[in-house]
Amino acid sequence: MALQQPFLSELLHSSSKRTTLPKSSLFSLQIPQRFNFYLQNKQFKKQGRSCYAIAENLGAEVLDEDQSVILENSSLDELRGQREIVGYDWTEEWYPLYLTKNVPDDAPLGLTVFDKQVVLYKDGSGELRCFEDRCPHRLAKLSEGQLYDGKLECLYHGWQFDGDGKCVKIPQLPENAKIPRSACTKTYEIRDSQGVIWIWMSHRTPPNVNKIPWFENFERKGFRDISTIHELPYDHSILLENLMDPAHVPISHDRTDFTAKREDAGPLFFEVTERTNRGFAGWWGKEKDQGKANYTPNFLRFESPCVLQNNREIVDESGEKHYFSGLFLCRPSGQGKSMLIVRFGNTRKRTGILKFIPNWFLHQNASKVFEQDMGFLSSQNEILMKEKVPTKKLYLNLKSSDTWVAEYRKWMDKVGHGMPYHFGHSTIFLPQQPAVVEHAPAGFVANFSAAQPAKGGIGDMYAPNPANRYFRHVVHCRDCSNAIKAFETWKKALSVIALVSTAFAILVSGRQWKALLLLWTSLCLAGAYACSTAIAMNTTNFIRTHRRL
């Protein structure tokens, strides 16, 4: 999914000093150790033995008529052997962890940021807490534990931790024995801001609250938003690239809603108005709409480390100004995995039938959009990992569609040295640690469990399936989870009523009563079918329509 709706907003522009460094001065710059490692081992690059590579042949540009439509791969600075490098440390940033309203009240929640596993939960007083997701005893996941008297308990041996991460109970200790001071877990700083929980990943520096993103439109009077959360099987950088790519929407999401029609695909215009060390911003819109009276283009802003927003202002016939926002918060949740919080909102009131559409139904449409993108984005992730070269050597970016994509990958070139791994425009650093693989339940019972993942398999066991809407969205969404429970209850009740009504229709002798009872049975069965359909919408495995057998 990308920028499905046009947006504009009056946003504060931050400034940042640009630093361009010639190669001769790179060694004097105090930057993270990994980039120094690259510089000191530059000779290995030529032998194809280094994962960190800066694209060679910077002067090799397309010199024919294609250059009028293709974005230039190399800037003048690159051609001169210069590169812009800025200080960056991925841990000294706030990452969107979860929607506040969806945090479970009675169970811990396991989440990841890059390769760091954390557990989020509410203590006995309802306050949010966040720890490293492992017990100091034998490294079992605390997110597999339970809440006991407001404390987080590891289910391996029953060790309990209070809200500060201090171990307060070890059942195996002798009576009167003191709990070791080392029996505590590492804590993380979190903040709840505008309905989103943010986590500060550094333990070396105190949290910088000024870095927590603030979204002006969400504080405007009458602003309403529809927020959803999705797990996705590809890297967060590919997700962000996709979200800032409006050109694919008419093709990939044709007729998914009224805003996407393949016949509307065409050239776009872009104007970059701001480049800083923390991102970029600018205007975009359809090329054919330029020059139209009262036309306002869309305003896009990307802000480090993983925030993308689209805004637009529209003045209606009465002269009233309405604000529209599309906010995408993309958390890296491991190699080849990401978690996305989507928040579409505006100050215009719902009218007509829109007032009666429930949120869970709108969530299903959003899930469908991500499913339509999932196949080719996963393959893109696979190719980047396989080819091991920067996007400059792989992408063919067009001026009329891919400006934001190129801007984002070039921003990665500036800060990638401060990330665990990155895929930049001219640089690349592949993951140095093996990907964490979550294993499904094993054994005979797991075979049945995997056969019906949407229904939870046998008992409460399930095998997570990235193609299944239930595991990508519903398990993280309180609205949709409650909707499924309600539909399940109604389905069972209507089925029982239909059965009883049929029995009475057989037993009674009057034709009018038989007809009335059979009509009631038909209505109940229709209702049960409607409930089954709604449940299926929340638990379906995605299959492309044109590939369905």
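Look up: the structure comes first, before these words.
Criteria and thresholds
Residues numbered from 1 in each chain as written. Predicted model: local features only at pLDDT ≥ 70, side-chain atom pairs only at ≥ 80, totals over all residues. Heavy atoms only, no water. 1 Å grid on protein atoms, 1.4 Å probe; cavity = no way out; pocket = protein on both sides within 12 Å on 5 of 7 lines; lining within 4 Å. Points joined across faces, edges and corners; volume = space filled by probe spheres on them. Nonpolar A, V, L, I, M, F, W, Y, C, P; charged D, E, K, R; others polar. Buried < 20%, exposed > 50% of the residue type's maximum accessible area, 1.4 Å probe, protein only. Helix = DSSP H or I, 4+ residues; strand = E, 2+ residues; numbered from the N terminus. Pairing = 2+ DSSP bridges. Axes fitted to C-alpha atoms, helices over the stretch in contact; angles between N-to-C directions. Parallel < 35°, antiparallel > 145°, perpendicular 65-115°, else oblique. Left-handed = near helix turned anticlockwise from the far one by under 90°. Contact = heavy atoms within 4.5 Å. Core = buried A, V, L, I, M, F, W, Y, C linked by side-chain atoms within 4.5 Å.

What to know about empty space enclosed by the protein
Empty space among the atoms can be located by rolling a probe the size of a water molecule over them.
Here comes step 1: Within this structure, the stated rule accounts for 1 cavity of 30 Å³ or more.
Here comes step 2: Of the pockets and cavities examined, the largest cavity occupies roughly 30 Å³.
Here comes step 3: Residues that form the lining of the largest cavity fall into these classes: 6 nonpolar, 1 polar and no charged.

As for the pairing of strand 18 (residues 307-315)
Here comes step 1: With 7 of 9 residues buried, strand 18 lies mostly within the body of the structure.
Here comes step 2: Where strand 17 (residues 298-303) lies against strand 18, 5 bridges are found, and the strand directions are antiparallel. Directly across from Leu-300, in strand 18, lies its bridge partner Asn-310.
Here comes step 3: Counting the residues between successive antiparallel strands, the hairpin from strand 17 to strand 18 contains 3 residues.
Here comes step 4: Relative to strand 19 (residues 321-332), strand 18 is paired through 9 bridges, and the arrangement is antiparallel. In the sheet register, Val-307 faces strand 19, and the bridge partner there is Leu-329.
Here comes step 5: Hairpin connection of strand 18 to strand 19: 5 residues between the antiparallel strands, including Gly-319 at a positive phi of 90°.

Re the packing of helix 4 (residues 236-243) against helix 7 (residues 403-415)
Here comes step 1: Viewed as axis vectors pointing N to C, helix 4 and helix 7 meet at an angle of 150°, and their least axial separation amounts to 9 Å. With respect to helix 7, the element helix 4 is oriented roughly antiparallel. The way helix 4 lies across helix 7 gives a crossing that is right-handed. When helix 4 is examined against helix 7, the residues His-236, Ser-237, Ile-238, Leu-240 and Glu-241 are found in contact with a partner set consisting of Val-405, Tyr-408, Arg-409 and Met-412.
Here comes step 2: Tallied by class, the residues present in the contact of helix 4 with helix 7 amount to 5 nonpolar, 2 polar and 2 charged.

Quick word on the nonpolar core
Here comes step 1: In this structure, Leu-97, Leu-120, Ile-199 and Leu-340 are the most contacted members of the largest nonpolar core, which totals 71 residues.
Here comes step 2: Top contributing element to this core by residue count: helix 7, with 6 residues.
Here comes step 3: What Ile-199 contacts, discounting residues up to four positions off in sequence, is Glu-93, Trp-94, Tyr-95, Leu-97, Val-113, Val-118, Cys-130, Tyr-188, Glu-189 and Ile-190.
Here comes step 4: Tyr-121, Cys-135, Leu-152 and Phe-161 belong to the second-largest nonpolar core, a separate cluster that totals 13 residues.

Details of the packing of helix 6 (residues 359-387) against helix 10 (residues 478-507)
Here comes step 1: Orientation of helix 6 relative to helix 10, taken along the N-to-C sense of each, is 115°, at an axis distance of 9 Å. As far as their axial angle goes, helix 10 and helix 6 are roughly perpendicular. Helix 6 and helix 10 meet at a crossing whose hand is left-handed. Judged by residue contacts, Asn-359, Trp-360, His-363 and Gln-364 of helix 6 engage Asp-479, Cys-480, Ala-483 and Phe-487 from helix 10.
Here comes step 2: Considered class by class, the residues forming the contact of helix 6 with helix 10 number 4 nonpolar, 3 polar and 1 charged.

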